[in-house]
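Coordinate inspection notes
For reference, the chains in residue letters:
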Amino acid sequence: MQIAAIEAGGTKFVCGIGTDKGEILERVSFPTTTPEETMAQVEAFFRGKSFAAMGIGSFGPVDLDRTSSTYGYVTTTPKPYWNQFDLVGAVRKHFDVPVGFDTDVNAAALGEAEWGAAKGLDSCLYITIGTGVGAGAVVEGKLLHGMLHPEMGHILVKRHPEDSFAGFCPYHGDCLEGMVAGPAVEKRWGRKGHELEHESKVWELEAYYIAQSLMTFILTLSPKKIILGGGVMKQRQLFPLIRQNVKELLNGYVQKAEISEGLDTYIVPPGLEDNAGLSGAVVLGLRALEQK
Ligand code: ADP
Ligand code: ZN
């Protein structure tokens, strides 16, 4: 069975066709410009293709409340032109199939739980560290939503004693995103992340803050696996640094084999690599079909 999938990002849109077995058959990506232009490209990609449902994982904030008049909208985004844009409505205009809709990070968490690094587990946390920081959680087999949806990228972190960087979040300054997202790295060090690969100080500081957030998430959500993706996490040397910091921060408090015997298989890169979000959108489509 074929499912249409959209990973709607603030920087780029990825569209694809996936199957209920987790294969991605086709995949294209294009920059996110205006809704008119971008949605025309989406429509052109899917036009004439066969699929039973569609799933969309979107940048946010988004309205996921089915009883709301703005369900399916990208709401208060600072991204020019996209504020209060009816994303689900825009695809429904062209395609008469069930549509599943959630945040990009919730989709990625779902994809990883279904076919990726957390396959077979009923719980995981997916965190992206890219243009922003966001996280999606699968808890007891279901995506965590609550009042809005979690915005775990904006939690507070304890400042490193030698760090005087003001932070780069427009809302909170030195929240997690403001300290570790790609644009914060660039602002702090004056160069883009990929040009700083050999600057160990950069990654030690990244790991210092990221590990604090993982401690918070381990203690609040108790995920069975933590998956770290996004552009910044392409710096694979971050993984051992983060694991070491998490171990030190937890300080023996959580007595579970996952933590005490090896964070190597607990804090991991995405099993689906760059397809986590798109595969997750396929799962959202499959679930929308089941609910119909
Ligand atoms: P988005 O979050 O927009 O979906 P990405 O996850 O690719 O996109 O994140 C983009 C951010 O990650 C940019 O700020 C970029 O500088 C940073 N980034 C991308 N690749 C790397 C890399 N190899 N090393 C460090 N930082 C990177
Ligand atoms: Zn913030």
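All values reported here derive from a predicted model rather than from experimental measurement.

Rules and cut-offs
- Residues numbered from 1 in each chain as written.
- Chains lettered and ligands numbered in written order.
- Predicted model: local features only at pLDDT ≥ 70, side-chain atom pairs only at ≥ 80, totals over all residues.
- Heavy atoms only, no water.
- Near = heavy atom within 4 Å.
- Polar contact = N/O pair within 3.5 Å; in protein donor to acceptor, adjacent residues only side chain to side chain.
- Donors = N, O, S within 2.8 Å, 3.2 Å for Na, K, Ca; no water.
- Tetrahedral: all angles 85-135°; square planar, octahedral: opposite > 155°, others 65-115°.
- Salt bridge = Lys/Arg side-chain N within 4 Å of Asp/Glu carboxyl O.
- Helix = DSSP H or I, 4+ residues; strand = E, 2+ residues; numbered from the N terminus.
- Pairing = 2+ DSSP bridges.
- Core = buried A, V, L, I, M, F, W, Y, C linked by side-chain atoms within 4.5 Å.
- Buried < 20%, exposed > 50% of the residue type's maximum accessible area, 1.4 Å probe, protein only.
- Contact = heavy atoms within 4.5 Å.
- Axes fitted to C-alpha atoms, helices over the stretch in contact; angles between N-to-C directions.
- Domains from an automatic or database assignment.
- Buried area = accessible area lost by both parts, 1.4 Å probe.
- Nonpolar A, V, L, I, M, F, W, Y, C, P; charged D, E, K, R; others polar.
- Expected span 1.5 Å × (residues − 1).
- Phe/Tyr/Trp six-rings, centres within 6.5 Å; stacked < 30°, edge-to-face > 60°.
- Lys NZ or Arg CZ within 6 Å of the ring centre and 35° of its normal.

For ligand 1, the full set of nearby residues is Thr 11, Gly 130, Thr 131, Gly 182, Pro 183, Gly 193, His 194, Gly 230, Gly 231, Val 232, Lys 234 and Gln 235. Residue Thr 11 places a side-chain N or O atom 2.8 Å away from an oxygen atom belonging to ligand 1. Taking Gly 231, its main chain carries an N or O atom lying 2.8 Å from an oxygen atom of ligand 1.

Moving on to the coordination of the zinc ion (ligand 2). In an ideal tetrahedron of four donors about a metal, each angle is 109.5 degrees. In an ideal octahedron of six donors, the angles are 90 or 180 degrees. The protein atoms donating to the zinc ion (ligand 2) are His 154 (ND1), Cys 169 (SG), His 172 (ND1) and Cys 175 (SG), with metal-donor distances spanning 2.1 to 2.3 Å. If you look at the zinc ion (ligand 2), its 4 donor atoms make angles of 104 to 120° with each other, and the shape they trace is tetrahedral. Here the donor residues of the zinc ion (ligand 2) share one chain and are spaced in sequence as H-x14-C-x2-H-x2-C.

It is worth spelling out the pattern of salt bridges at this point. Side chains carrying opposite charge are able to pair once their charged atoms draw close together. Throughout the structure, instances matching the rule amount to 9 salt bridges. The partner of Lys 21 in a salt bridge is Asp 20, and the shortest N-O contact between them spans 3.6 Å. Asp 174 serves as the salt-bridge partner of Arg 159, at 2.9 Å between the closest nitrogen and oxygen. Here Asp 174 lies in the loop between β10 (142–143) and α4 (176–180) and Arg 159 lies in the loop between β10 and α4, a separation of 15 residues in the sequence.

The strand order across the open sheet formed by 5 strands is β10-β9-β8-β11-β12, and the pairing between neighbours is mixed. Of all strands in the sheet, those bounded by a partner on one side alone are β10 and β12 (267–268).

A separate point is the nonpolar core. Counting 40 residues, the largest nonpolar core has Ile 127, Leu 214, Ile 226, Leu 228, Ile 242, Val 246 and Ile 267 as the members making the most contacts within it. When residues of this core are traced back to their parent elements, those giving at least two are β8 (124–129), β9 (133–139), α4, α5 (182–189), α6 (200–221), β11 (226–229) and α7 (238–250). It is α6 that provides the largest number of residues to this core, a total of 11 residues. Sequence-distant contacts of Ile 242, defined by excluding residues within four places in its chain, comprise Ala 207, Ile 210, Ala 211, Leu 214, Leu 228, Met 233 and Ile 267. Judged by nonpolar contacts, the second largest core, of 29 residues, contains Phe 13, Met 54, Phe 59 and Val 97.

A sheet is described by the order of its strands in space; here 5 strands give the open sequence β3-β2-β1-β4-β7, paired in mixed fashion. The open sheet terminates on both sides in strands that have one partner only, identified here as β3 (24–31) and β7 (99–103). Going from strand to strand, the sheet's axes swing by 15° on average, the running direction of each strand aside. As defined by bridge partners, strand β4 (residues 53–58) adjoins β7 across 5 bridges and the pair is classed as parallel.

A word on the domain arrangement of the protein. Here the domain parsing of the protein yields domain 1 (2–104 + 274–291) and domain 2 (117–269). The gap between the C-alpha centroids of domain 1 and domain 2 is 26 Å. Across the contact, 11 residues belong to domain 1 and 10 residues belong to domain 2. Summed over both partners, the interface of domain 1 with domain 2 buries about 680 Å², with 48% contributed by carbon and sulfur atoms. Between the two partners, domain 1 and domain 2, sit 1 salt bridge. Its salt-bridge partner being Asp 274, residue Lys 234 comes within 3.0 Å of it at the nearest N-O pair. Counting across the interface, domain 1 meets domain 2 through 3 residue pairs in polar contact (both at pLDDT 80 or more). Counting residues per element, the ones that place at least two in the side of domain 1 that touches domain 2 are β7 and α9 (276–291). Here the side of domain 1 that touches domain 2 gets 3 residues from one element, more than from any other, and that element is α9. Class assignment for the residues of the side of domain 1 that touches domain 2 results in 5 nonpolar, 3 polar and 3 charged.

In this section: helix α3 (residues 104–115). Its 12 residues place the ends of α3 16 Å apart at the C-alpha level, agreeing with the 16 Å of an ideal helix rising 1.5 Å per residue. The buried fraction of α3 is high, at 10 of 12 residues. Residues of α3 that are buried: Val 105, Asn 106, Ala 107, Ala 108, Ala 109, Leu 110, Gly 111, Glu 112, Ala 113 and Trp 115.

In this section: the packing of aromatic side chains. Under the defined criterion, the tally for this structure stands at 10 aromatic pairs. Taking the centre distance of 5.1 Å and the plane angle of 80° together, the rings of Tyr 208 and Tyr 209 count as edge-to-face. Each of the two residues, Tyr 208 as well as Tyr 209, counts as buried. An aromatic cluster is present here, built from Phe 13, Phe 30, Phe 59, Trp 82 and Phe 85 joined pairwise through their rings. A cation sits over an aromatic face here: Lys 49 above Phe 45, 4.2 Å from the ring centre.

What follows covers unusual backbone geometry. Residues Gly 60 and Pro 61 are joined by a peptide bond in cis, for which omega reads 5°. Note on placement: Pro 61 falls in the loop between β4 and β5 (73–74). A positive phi is found at Ser 222, a non-glycine position, where the angle reads about 55°. Assignment of secondary structure puts Ser 222 in the loop between α6 and β11.

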